[in-house]
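Structural features, examined
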Amino acid sequence: MSRSAKTLPSILDAVGDTPLVELSRFTAGTQGRLLAKLEYLNPGLSKKDRIGLQMIEEAEASGQLKPGQPVVELTSGNTGTGLAIVCAIKGYPFVAVMSRGNSMERARMMSAFGAEVVLVDQLPGSKPGQVSGGDLDLVERAAQRITRERGAFRADQFRLPGNSRAHYLHTAPEIIRQTGGKFDAFCDFIGSAGSFAGCARAFKEHDPGIKCFVVEPSTAAVLAGRPATDPNHRIQGGGYSMASLPLFSPLDADGYIQVSEDQAIRACRRLAREEGIFAGFSSGANVAAGISLLRGPISGGTVVVLLSDSGLKYLSTDLWENAPH
Ligand SMILES: Cc1ncc(COP(=O)(O)O)c(C=O)c1O
């Protein structure tokens, strides 16, 4: 029975089961199909609701998280929002530690769900809207200190297997069901690598012929082995130029695609205008990368991408500023 045909016990039961939509206007004139999974339709307006729920339920099951114990996490806003929702429903105090460089809609949204939001200053010279790996190091140190001080459970999205498991157990099987298991490639803009790792593992178990591509900012393509020429890009949510990503295995990657800020922004604006889809920077990056695949190695095939969060999270940024009518 579909989810909308019954009453749900709580909003947590509304996480996942997102639609998969063909971007046929976007791909007009290109050989092949581009399918977009609308993760911005999750309750917290991003795919990270899935991992918030998975990490908390795994910690409850293992006894690492006790009733009423505080939960802390470093977030660019989306994981924090997912965790804030889960903690609100389950009764855990939640502290979100975020760089001041991320858009303020996210901090307001987490506060609305009852989270305590701690904002950490960026490195001297960093710009708002451009959070680098160095900025994230500062956020990580603050998150570790607060976790110690509060005796909290750290819902560490960069290390806990629950992150990639949420996508392995749910996102990927939904895509396999929605496509009848028939597609050729998947590409994903990487932050923690949770969604790439979980989906790639499930897709390759289903059909080893499905190709999985890493998407990175063109100025910070370190997983592709290139030097970061400008780690302070505007594609929020990933591309952190981190030396090590515990959840990422290069063995899962069939290739690497670089996307510029302009390509990502143009794709977001076209998604809104031509497809009626209002998504954020990293979704634009995924769609732009998907189009490059259809114009290159996956010509004539079917590519699946995630639209990771909502364009509403960027109203205060220049993503929609002077967007042509
Ligand atoms: C908007 C957005 N896109 C992409 C990502 C990257 O996803 P992952 O951490 O699964 O690699 C994130 C992660 O925070 C995000 O918030």
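Residues numbered from 1 in each chain as written. Predicted model: local features only at pLDDT ≥ 70, side-chain atom pairs only at ≥ 80, totals over all residues. Heavy atoms only, no water.

**Details of the packing of aromatic side chains**
- Considering all chains together, one arrives at 7 aromatic pairs under this definition.
- Taking 4.4 Å as the distance between ring centres and 20 degrees as the angle between the ring planes, the aromatic pair formed by Phe 278 and Trp 320 counts as stacked. Taken together, the positions of Phe 278 in the loop between helix H7 (261-275) and helix H8 (281-295) and Trp 320 in the segment after strand E10 (302-307) put the pair 42 residues apart, joining distant regions of the chain.
- We classify Phe 278 as partly exposed; its relative accessible area is 28%.
- Pairwise contacts between aromatic rings join Phe 183, Phe 186, Phe 196, Phe 203 and Phe 248 into one cluster.
- Against the face of Tyr 168 rests Arg 201, its NZ or CZ located 3.9 Å from the ring centre.
- Lying over the aromatic face of Phe 26, Arg 270 brings its terminal NZ or CZ to 4.0 Å of the ring centre. (Phe/Tyr/Trp six-rings, centres within 6.5 Å; stacked < 30°, edge-to-face > 60°. Helix = DSSP H or I, 4+ residues; strand = E, 2+ residues; numbered from the N terminus. Buried < 20%, exposed > 50% of the residue type's maximum accessible area, 1.4 Å probe, protein only. Lys NZ or Arg CZ within 6 Å of the ring centre and 35° of its normal.)

**Observations regarding the packing of helix H1 (residues 48-62) against helix H2 (residues 78-90)**
- Two elements in contact, H1 and H2, have axes whose closest approach is 7 Å; the angle formed by their N-to-C orientations is 50 degrees. Taken together, the axis directions place H1 and H2 in an arrangement best described as oblique. Every pair of crossing elements has a handedness; the one defined by H1 and H2 is right-handed. Where H1 abuts H2, its residues Lys 48, Asp 49, Ile 51, Gly 52, Leu 53, Met 55, Ile 56, Glu 57 and Glu 60 lie against Asn 78, Thr 79, Gly 82, Leu 83, Ile 85, Val 86, Cys 87 and Lys 90.
- In the contact of H1 with H2, the residues fall into 8 nonpolar, 4 polar and 5 charged. (Axes fitted to C-alpha atoms, helices over the stretch in contact; angles between N-to-C directions. Parallel < 35°, antiparallel > 145°, perpendicular 65-115°, else oblique. Left-handed = near helix turned anticlockwise from the far one by under 90°. Contact = heavy atoms within 4.5 Å. Nonpolar A, V, L, I, M, F, W, Y, C, P; charged D, E, K, R; others polar.)

**Here we look at empty space enclosed by the protein**
- Inspection of the entire model under this criterion finds 3 cavities of 30 Å³ or more.
- The computed volume of the largest cavity comes to approximately 280 Å³.
- Along its surface, the largest cavity is lined by 28 residues, and Lys 47, Lys 48, Ser 76, Gly 191 and Gly 237 are the ones closest to its centre.
- Elements represented by at least two residues in the lining of the largest cavity include exactly strand E3 (71-75), H2, strand E7 (185-189) and helix H6 (194-206).
- Among the elements that take part in the lining of the largest cavity, H6 stands out by supplying 3 residues, more than any other.
- Looking at the lining of the largest cavity residue by residue, the class counts come to 9 nonpolar, 15 polar and 4 charged.
- Taken together, domain 1 (3-43 + 166-314) and domain 2 (48-154) each give at least three residues to the lining of the largest cavity, which thus spans both.
- Every residue along the wall of the second largest cavity is listed here: Ile 190, Gly 191, Glu 216, Ala 220, Val 222, Leu 223, Gly 239, Tyr 240, Ser 241, Met 242 and Leu 245.
- Tallied by class, the residues present in the lining of the second largest cavity amount to 7 nonpolar, 3 polar and 1 charged. (1 Å grid on protein atoms, 1.4 Å probe; cavity = no way out; pocket = protein on both sides within 12 Å on 5 of 7 lines; lining within 4 Å. Points joined across faces, edges and corners; volume = space filled by probe spheres on them. Domains from an automatic or database assignment.)

**Digging into the pattern of salt bridges**
- This structure, assessed with the given rule, holds 20 salt bridges.
- Close ionic contact of Glu 58 with Arg 165 constitutes a salt bridge, the shortest N to O distance being 2.7 Å. Taken as a pair, Glu 58 in helix H1 and Arg 165 in helix H5 (residues 161-178) lie far apart in primary sequence, 107 residues in all.
- Between Arg 106 and Asp 309 there is a salt bridge, with the nearest N and O atoms lying 3.4 Å from each other. (Salt bridge = Lys/Arg side-chain N within 4 Å of Asp/Glu carboxyl O.)

**What to know about the site of the ligand**
- Lys 48, Gly 191, Ser 192, Ala 193 and Ser 282 are the nearest of the 17 residues found near the ligand.
- Between an oxygen atom of the ligand and a main-chain N or O atom of Ala 193, the distance comes to 2.8 Å.
- Here an oxygen atom of the ligand and a backbone polar atom of Gly 194 are 3.5 Å apart.
- In isolation the ligand offers 390 Å² of accessible surface; the protein chains occlude 98% of this area.
- Of the pockets mapped on this structure, the ligand occupies the largest cavity. (Near = heavy atom within 4 Å. Polar contact = N/O pair within 3.5 Å; in protein donor to acceptor, adjacent residues only side chain to side chain. Areas by Shrake-Rupley, 256 points an atom, 1.4 Å probe, with all protein chains shown as cover. Sits in = over half its atoms within 2 Å of the grid points.)

**Let's talk about helix H3 (residues 104-112)**
- Restricting attention to buried positions, one finds in H3 the residues Glu 105, Arg 106, Ala 107, Met 109 and Met 110.
- Close packing links the buried residues of H3 with E3, H2, strand E4 (94-99) and strand E5 (116-120).
- Following H3 by one or two positions, Gly 114 has its phi on the positive side, about 95 degrees.

**Quick notes on the sheet that holds E4**
- An order of E5-E4-E3-E6 is seen for the 4 strands of this open sheet, with the pairing classed as parallel. Of all the strands in the sheet, just E5 and strand E6 (153-154) have a single pairing partner and so form its edges.
- Where E4 lies against E5, 5 bridges are found, and the strand directions are parallel. What sits directly across from Val 97, in E5, is Val 118.
- Against the sheet, H2 contacts E3 and E4, and its axis sits at roughly 160 degrees relative to E3.
- In this fold helix H4 (residues 133-150) packs onto E3, E4, E5 and E6, with an angle of close to 160 degrees to the strand it touches most, E4. (Pairing = 2+ DSSP bridges.)

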